[in-house]
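Chain by chain, the residues:
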Amino acid sequence: QVQLVESGGGLVQAGGSLRLSCAASGNAFSNYAKAWFRQAPGKAREFVAAINWSGSTYYADSVKGRFTISRDNAKNTVYLQMNSLKPEDTAVYYCAARNYPTVVAASPSSGFVNWGQGTQVTVSS
């Protein structure tokens, strides 16, 4: 069982940056595909970005070019660097992991079964 703990959320002005971290414990974490999702008030949870064991990345169109997902397998940590933040990026951000090393390329948001508790990101205008 993988346990995921997010950190790094906070309040930032539009145009600013934040870096989220997700530390994990549990067997074989370093080989699992990881992702970030977010959920804004009154909206469904949505996919943000994913990364497989080798570092291949996938992004939602809404964050492409502004957000970067990365991982440090030695530290069992995945990151989300968020630049040029917009008020519509305001949400609770969740880290997630699959039980497989790869992302489903045709559907990058699929198959994530392990979830963290979330960290709040608020972008003021």
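Described below are features of the structure shown in this document. In this text, all values refer to a predicted model and were calculated from it rather than measured experimentally.

We now examine the overall build of the protein. On a plain count of helices and strands, the protein comes out with zero helices and 11 strands. Counting from the amino terminus, the protein carries its helices and strands in the arrangement β-β-β-β-β-β-β-β-β-β-β. Taken over C-alpha atoms, the radius of gyration comes to 13 Å for the protein, in line with the 14 Å a tight globule of 125 residues would show. Expressed as lengths along the three principal axes of its C-alpha atoms, the size of the protein is roughly 40 × 30 × 25 Å. Buried positions account for 44% of the 125 residues belonging to the protein. By sequence separation, contacts in the protein at least 24 residues apart represent 61% of the contacts at least 6 residues apart. On the protein, roughly 6100 Å² of surface is accessible, and the fraction owed to carbon and sulfur atoms is 47%. On the protein, the mean spot of the 11 positive side-chain charges and the mean spot of the 6 negative ones are 4 Å from each other.

Another aspect to go through is the sheet that holds strand 7 (residues 67-72). With antiparallel pairing, the four strands of this open sheet are ordered in space as 1-3-8-7. With partners counted over all chains shown, the strands left at the sheet margins are strand 1 (3-7) and strand 7, one partner each. Averaged over all pairs of adjacent strands, the angle between their axes in this sheet comes to 15°, without regard to strand direction. Where strand 7 meets strand 8 (residues 77-82), six bridges bridge the pair, whose relative direction is antiparallel. Looking across to strand 8, one finds that Ile69 is bridged to Leu80.

Moving on to the nonpolar core. Counting residues in each nonpolar core, the largest one holds 36 residues, and the members touching the most others are Trp36, Val48, Phe67, Leu80, Met82 and Tyr93. Excluding residues within four positions of it along the chain, Met82 makes contact with Gly16, Ser17, Leu18, Leu20, Arg66, Phe67, Tyr93 and Val121.

Under the definition given, this model contains three aromatic pairs. Centre to centre, the rings of Phe37 and Phe47 are 5.7 Å apart; their planes meet at 75°, and the pair counts as edge-to-face. With Phe37 in strand 4 (residues 34-39) and Phe47 in strand 5 (residues 46-51), this residue pair connects regions lying 10 residues apart in the sequence. Taking 5.8 Å as the distance between ring centres and 70° as the angle between the ring planes, the aromatic pair formed by Phe37 and Phe112 counts as edge-to-face. Placement of the pair is Phe37 in strand 4 and Phe112 in the loop between strand 9 (91-97) and strand 10 (114-115), with a sequence separation of 75 residues.

About the criteria used
- Residues numbered from 1 in each chain as written.
- Predicted model: local features only at pLDDT ≥ 70, side-chain atom pairs only at ≥ 80, totals over all residues.
- Heavy atoms only, no water.
- Helix = DSSP H or I, 4+ residues; strand = E, 2+ residues; numbered from the N terminus.
- Rg over C-alpha atoms; globule rule 2.2 N^0.38 Å.
- Buried < 20%, exposed > 50% of the residue type's maximum accessible area, 1.4 Å probe, protein only.
- Contact = heavy atoms within 4.5 Å.
- Areas by Shrake-Rupley, 256 points an atom, 1.4 Å probe, with all protein chains shown as cover.
- Lys, Arg positive; Asp, Glu negative; His and termini not counted.
- Charge placed at Lys NZ, Arg CZ, Asp CG, Glu CD.
- Pairing = 2+ DSSP bridges.
- Axes fitted to C-alpha atoms, helices over the stretch in contact; angles between N-to-C directions.
- Core = buried A, V, L, I, M, F, W, Y, C linked by side-chain atoms within 4.5 Å.
- Phe/Tyr/Trp six-rings, centres within 6.5 Å; stacked < 30°, edge-to-face > 60°.

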